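One-letter residues, chain by chain:
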Amino acid sequence: MLQRAVTQQHNVSVSGGGDNSSYYVSGNFSKDRPVFKSNYGQTYSLTSNLTNDFLKKRLTLFTGLNYTDQTSQNNSAALNALSAGATGYAPYEMLVDEQGNKIYKGVALTKQVSDDFTRTRNILPWTYNAIDELNYNNTILAKNSIRANASLKGKVTDWLSLTVAGQYQKTNEKTTLIQNENSYLVRNLINTGAHPDNALASANLYGTQFGFPKGSIYNAGVIERDDYSLRAQFDVNKNWGDQHHFDMIGGTEIRQTKSTGNERIIYGYNEETSVGVNANTYNRNTYRTIFNGSASLPALNNTIYKNRRRYLSYYSNASYSFMSRYFATASVRFDDINILGVDRRNRATPLWSAGLRWDASQEDFLKQFNWLSSLSLRASIGTSGNPPEGAPNYTTVTFGTLDGFTQLPIASIGAPANPDVGWETTKTTNFGVDAAFLNNRLSFVFEVYKKKTKDILYAFPINSTYGFNTLRYNAADMEGHGVEFLINAEVFKAKDWGWNTNFNFSYNTNKALDSRFPITGVSPGLLSIVNDYPLDNIFAYRWAGLSNEGLSQVYRADGSIVNGKLGSPSVTAQDLIYMGRTTAPYFGAFTNTFKYKNISLEARISYETGHKFRINKGATAYPTNGSLTGLLNTNEALANRWRNPGDEAFTDVPGLRGATTNGLNYFANSDLNIRDAANIRFQQLSLNYQLPAAILKKAPYIKTLTVGVTATNLGLLWVANDEGVDPLYQNTNTFSNLPPSRTYLLNLNLSF
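Residues numbered from 1 in each chain as written. Predicted model: local features only at pLDDT ≥ 70, side-chain atom pairs only at ≥ 80, totals over all residues. Heavy atoms only, no water.

### Notes on the pattern of salt bridges
Taken as a whole and judged by the stated rule, the model has 20 salt bridges. Between Arg325 and Glu363 there is a salt bridge; the shortest N-O distance is 3.2 Å. A residue pair is termed long-range when its members are at least 10 positions apart, and Arg325 in the loop between strand S13 (303–322) and strand S14 (326–337) and Glu363 in the loop between strand S15 (349–359) and helix H6 (364–367) qualify at 38 residues. Each member of the pair, Arg325 as well as Glu363, is classed as buried. As a salt-bridge pair, Arg333 and Asp335 come within 3.0 Å of each other at their nearest N and O atoms. With a relative accessible area of 33%, Arg333 lands in the partly exposed category. With relative accessibility at 17%, the residue Asp335 sits in the buried group. The structure contains a network of salt bridges with shared partners spanning Arg378, Asp434 and Glu447. (Salt bridge = Lys/Arg side-chain N within 4 Å of Asp/Glu carboxyl O. Helix = DSSP H or I, 4+ residues; strand = E, 2+ residues; numbered from the N terminus. Buried < 20%, exposed > 50% of the residue type's maximum accessible area, 1.4 Å probe, protein only.)

Shown next, in the form of structure tokens:
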């Protein structure tokens with residue numbers, strides 16, 4: 001089911017030209033074979049650029065063309081076999097026997113009953129083997145796009161130029177999923193719908209016992225995208241004597257993205273003749289199942305959709321410098337977008353920024369210090385924002401499929417009118433210092449910033465008798481601040497040897513600012529916005545151990561103890577304890593590069609600290625109610641669970657008897673399971689060798705040749721929690737949170 005993952009990438013480029021023209025052509029091929037079998041992806045791309053100068057280089061024409069072709073296949077059989085669920089395999093279950101013959105197992109029914117039904121009811125085989133599924137249910141994506149762009153730049157004067165540019169891109173994408181009749185998914189649908197009464201039903205015009213059509217299920221989706229943009233811009237680059245310099249750009253841009261597509265499903269599909277059954281006449285009503293129940297064909301997804309989005313922007317940036325030591329910058333931007341149902345005054349807003357920088361090292365009173373290479377101080381302030389998508393000013397209507405009786409389209413209110421929504425805006429203030437010493441052998445960057453976001457869109461509950469439970473408003477505010485520090489040092493430098501080190505450190509924090517988010521809205525285990533707390537907060541119950549019945553117990557704020565029994569007192573938000581943040585407020589990396597002649601070795605280590613995570617102790621693995629099939633969701637903590645009175649003295653894992661949803665919630669989301677998430681990990685190690693110029697002289701057509709090997713995701717070096725669990729990639733039994741695999745990259749770079 002698994003294979004060694006391999007990724008390959010090949011690039012080749014050719015460039016050249018003359019005095020008034022230049023060209024660049026490149027090709028790329030990449031292929032990815034992931035760890036799960038029957039999955040792959042490959043991409044081809046070709047790029048061509050041409051630049052021509054006219055009128056003594058006063059007019060420049062640039063043209064570019066890019067084509068990309070992408071194909072991929074996705075098959076979930078291996079992932080399903082490794083995951084909890086009906087088609088999951090326990091570690092002791094075998095796929096094949098000692099002779100290599102496949103071993104089949106029952107899923108919907110036991111193997112004995114499945115085989116008996118196949119023999120006596122004249123239905124399809126009803127057992128399962130994951131290896132077979134590697135050949136079925138493959139989702140094929142075929143995508144290609146072509147992009148053409150051109151620009152014409154003319155010099156009006158020696159300090160003013162004008163540019164007009166445009167780009168057009170067309171993308172075609174087709175997704176095909178054929179769920180083969182031999183796949184377990186389809187066989188299960190066909191067999192479940194097998195009943196003798198179906199052949200007698202007047203609704204079944206085919207007179208067969210199968211209420212669900214025999215054959216494959218054909219799923220297809222097609223998307224066509226057309227995007228274009230047009231831009232006009234002026235550039236100013238002006239000097240006044242030796243002391244004044246002014247740069248400015250200004251322009252306008254319009255863009256449009258348009259997409260059309262359709263999706264369809266065909267039942268009873270014959271892969272040889274490409275013909276399926278008419279689902280409208282095959283079985284117009286429900287059919288009997290093999291278990292004497294009733295079912296009906298799933299809804300047909302014959303969807304046709306269109307979407308068009310237009311953008312309009314005006315922008316300008318300007319900078320001024322005096323004596324090459326005093327700098328001022330400013331920018332302003334106005335964006336508009338045709339969001340459905342939003343009035344223009346709420347769709348568009350001006351955004352701006354301004355900054356100052358002082359290159360202090362150019363001052364005469366500092367030039368006397370030879371050890372100071374550079375020193376500058378800077379400050380900036382500005383705004384950014386997001387348009388109010390998903391919150392229309394006008395009522396929007398959503399149309400669905402046709403009604404089966406009236407043949408009229410089904411319509412519903414997509415979103416109610418809300419005339420009070422506008423942009424989310426963020427105001428950022430920034431101060432920084434850049435310095436270098438000892439002929440730039442030691443340098444550092446220090447930066448401090450503050451952000452305040454206003455009018456964050458948030459869904460508030462409303463009276464449900466209006467037809468909706470929530471309505472989005474510009475309601476929430478948030479503020480945050482942070483510090484960033486970077487130091488780079490050339491520790492050792494000699495003729496053949498060198499050692500360079502780089503260290504960066506970052507800190508940031510945030511908190512919500514709105515009294516409409518009181519702590520009463522906190523629910524452990526769910527993301528909750530709480531006034532005066534970080535957005536990535538984590539709250540927990542106060543653990544009070546197990547009762548003598550093996551039930552979870554937690555403290556209330558008054559010191560009393562409650563458990564998860566039905567009828568026991570409830571726990572409110574005021575009874576919870578704040579544990580910290582789930583994302584690291586302190587983080588950074590440490591990089592060292594060692595060089596000897598033409599050999600370089602680089603190692604990068606990253607770190608995070610100051611945050612918490614909730615360790616998984618298997619609360620979701622308890623069989624509290626209902627039925628379970630296949631591989632169960634398990635956790636090693638359950639091996640140490642409470643079994644008999646007195647066990648509560650040495651275990652905190654609840655027992656199976658009497659387990660309730662509330663009790664397991666207390667256990668899973670208590671401070672008992674909160675851990676320090678600090679970690680240090682080895683991110684990358686690279687070794688490169690550049691062939692000496694003396695050797696390349698023997699092959700004059702080769703300019704440079706570099707060969708190297710890089711290893712990434714090398715794993716954890718240290719974690720703060722005692723269990724040794726990686727806080728970023730904790731096992732969830734679904735294999736959707738696996739750590740990135742260790743990757744080895746061999747590269748060869750040739751230049752002619």
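### Quick word on the environment of Phe322
Residue position: Phe322 is located in strand S13. Linking Phe322 and Thr7, residues 315 residues apart in sequence, is a C-alpha distance of 52 Å.

### Concerning the side chain of Ser229
Inspection of the secondary structure assignment puts Ser229 in strand S9 (residues 216–240). With residues near it in sequence (within four places) discarded, Ser229 still touches Ala165, Gly166, Gln167, Glu253, Ile254 and Arg255. (Contact = heavy atoms within 4.5 Å.)

### Quick notes on the sheet that holds strand S24 (residues 542–546)
Spatial ordering of the open sheet is given by S24-S25-S26, a layout of three strands whose pairing is antiparallel. Edge positions in the open sheet fall to S24 and strand S26 (561–563), since each of these has one partner strand only. Across this sheet, the average inter-strand angle for adjacent strands is 35°, counted without regard to direction. Sheet topology places S24 next to strand S25 (residues 552–555); three bridges connect them, and they run antiparallel. (Pairing = 2+ DSSP bridges. Axes fitted to C-alpha atoms, helices over the stretch in contact; angles between N-to-C directions.)

### Observations concerning the pairing of strand S22 (residues 497–512)
Across 15 bridges, strand S21 (residues 470–493) lies against S22 in antiparallel orientation. Each residue of the ladder has a partner; that of Ala489, found in S22, is Thr501. Note: S22 against strand S28 (residues 586–596), 11 bridges, orientation antiparallel. Counted as the bridge partner of Phe503 is Phe590 from S28.

### A closer look at the layout of surface pockets
Reported here for the largest pocket is a volume of approximately 1400 Å³. By residue number, the principal contributor to the lining of the largest pocket is strand S1 (residues 6–17), which donates 10 residues. (1 Å grid on protein atoms, 1.4 Å probe; cavity = no way out; pocket = protein on both sides within 12 Å on 5 of 7 lines; lining within 4 Å. Points joined across faces, edges and corners; volume = space filled by probe spheres on them.)

### A word on the packing of aromatic side chains
What describes a pair of aromatic rings is the distance from one ring centre to the other and the angle between the planes of the rings. Scanning the entire structure with this criterion turns up 24 aromatic pairs. On the basis of an interplanar angle of 65° and a centroid distance of 5.2 Å, the ring pair of Tyr533 and Phe539 is categorised as edge-to-face. On the basis of relative accessibility, which here comes to 4%, the residue Phe539 falls in the buried class. A cation over a ring is seen here: Arg255 above Tyr311, with NZ or CZ 4.1 Å from the ring centre. Sitting above the plane of the Phe327 ring, Arg357 keeps its charged end 3.9 Å from the centroid. (Phe/Tyr/Trp six-rings, centres within 6.5 Å; stacked < 30°, edge-to-face > 60°. Lys NZ or Arg CZ within 6 Å of the ring centre and 35° of its normal.)

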